[in-house]
Amino acid sequence: MPELPEVEVTRRSFVRAIEGAQVLAAQLGKSLRWPLGCEPSLLVGRFVRTVHRRGKYLQIELDHGWLLLHLGMSGSLCFAADLPQAGIHDHFDLVTSRGTLRLNDPRRFGAVIYLDSLADPMAHKLLGHLGLEPLSDSFGLAEFHAGLKQRKAAIKQVLLAGDLVVGVGNIYASEALFAAAIRPTASSASLGRVRVARLHAAICMVLARALEQGGSTLRNFSSTDGQTGHFQLDAMVYGRADLPCKVCAKPIRMIRQGQRSTFYCPSCQKR
DNA sequence: AGAAAATCCTGGTGGC
DNA sequence: TGCCACCAGGATTTTC
């Protein structure tokens, strides 16, 4: 399932190729999470300026308007000159002069949304509340600490919520907390400066490493050129319930927090 | 009111 | 083999 590193890997894999392309056609398959917001034919003739990313959202900047794109939990994009006829799970094609950008999304939790040029894409309700970008300079330790202090929920759930820091999904939340030796159930506000600094560094490290490695692929993520990532090979705790901790050999524990599974080592992450 | 918890969407997978 | 519970990200709704 695409998390931030996967989304960034996807973006990088086609941004250069699609910049400057002119839209020749747009086709919608089955409906996604939300309606596109315009007739697909409205996009024809427009030019692609570039592709940005905010959190797990990709923003295709056109010469007139924007396409906001989310991969949900099973979405993937491919961009190629020659694509076979759309398959059962292909739900959006943006045919351009440089190739076709295709969204494949079996579970259809993903979305493609058109915003007209008057809209400020950052002000859109889906983006407006998003937190700091963990891979950018804006992810400051002081700001992160201040945000953590005003939330009482379990640290794992604060990370997951996305309104303080984006892109730390279920996998990376468990991994970052392990790397920082912090128990996922610890109250966010209870974390002192030293542990917050450790967590901050861990989030940066875990995401940067996943990005270097081409994103994680717990199921079937692949970037648009078909390269698959391999983060799952190095997961320290995620998906390893009852298996020995790679550091201390005690069994990894799985618990549920807010309907989500969390993995941690009770010995390495004592509080 | 604001924070936290529950719910919902879909389809692949694994257990029986 | 067929059925069914389960799981996932995150917006939305409900509860506290």
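Just so you know, these numbers come straight off a predicted model, no measurement behind them. (Residues numbered from 1 in each chain as written. Chains lettered and ligands numbered in written order. Predicted model: local features only at pLDDT ≥ 70, side-chain atom pairs only at ≥ 80, totals over all residues. Heavy atoms only, no water.)

As a further point, take the domain arrangement of chain A. What the domain assignment reports for chain A is domain 1 (4-127) and domain 2 (141-264). Placing the centre of domain 1 and that of domain 2 at their C-alpha centroids yields a distance of 28 Å. Opposite the 16 residues of domain 1 that make contact, domain 2 presents 14 residues. Buried surface at the junction of domain 1 and domain 2, both sides included, amounts to about 1,200 Å², of which 68% is carbon and sulfur. When the buried area of domain 1 at its contact with domain 2 is split by residue, Pro5, Glu6 and Val9 rank highest and sum to 41% of it. Where domain 1 meets domain 2, there are zero salt bridges. (Domains from an automatic or database assignment. Contact = heavy atoms within 4.5 Å. Buried area = accessible area lost by both parts, 1.4 Å probe. Salt bridge = Lys/Arg side-chain N within 4 Å of Asp/Glu carboxyl O.)

Okay, the pattern of salt bridges next. Per the counting criterion, the structure on display carries ten salt bridges. Here Arg11 ties to Glu8 by a salt bridge, and the two come within 2.9 Å at their closest N and O atoms. Of the two residues, Arg11 and Glu8 both sit in helix α1 (residues 4-18), three residues apart, roughly one turn of that helix. Both residues of the pair, Arg11 and Glu8, belong to the buried class. A salt bridge links Arg151 to Asp163; the shortest N-O distance between them is 3.2 Å. Of the two residues, Arg151 is situated in the loop between α3 (141-149) and α4 (155-161) and Asp163 in the loop between α4 and α5 (170-179); the sequence distance between them amounts to twelve residues. For Asp163, a relative accessible area of 38% corresponds to the partly exposed category. Among the ionic contacts, a cluster of salt bridges with common partners joins Glu8, Arg11, Arg12, Arg53, Arg54 and Glu133. (Helix = DSSP H or I, 4+ residues; strand = E, 2+ residues; numbered from the N terminus. Buried < 20%, exposed > 50% of the residue type's maximum accessible area, 1.4 Å probe, protein only.)

Here we take up the packing of α5 against helix α6 (residues 193-212). At a minimum axis separation of 8 Å, α5 and α6 run at an interaxial angle of 130°. When the axes of α5 and α6 are compared, the pair comes out oblique. The element α5 and its partner α6 pack so that their crossing is right-handed. On α6, the residues touching Tyr172, Glu175, Ala176, Leu177 and Ala179 of α5 are Leu199, Ala202, Ile203, Met205, Val206, Leu207 and Ala210. (Axes fitted to C-alpha atoms, helices over the stretch in contact; angles between N-to-C directions. Parallel < 35°, antiparallel > 145°, perpendicular 65-115°, else oblique. Left-handed = near helix turned anticlockwise from the far one by under 90°.)

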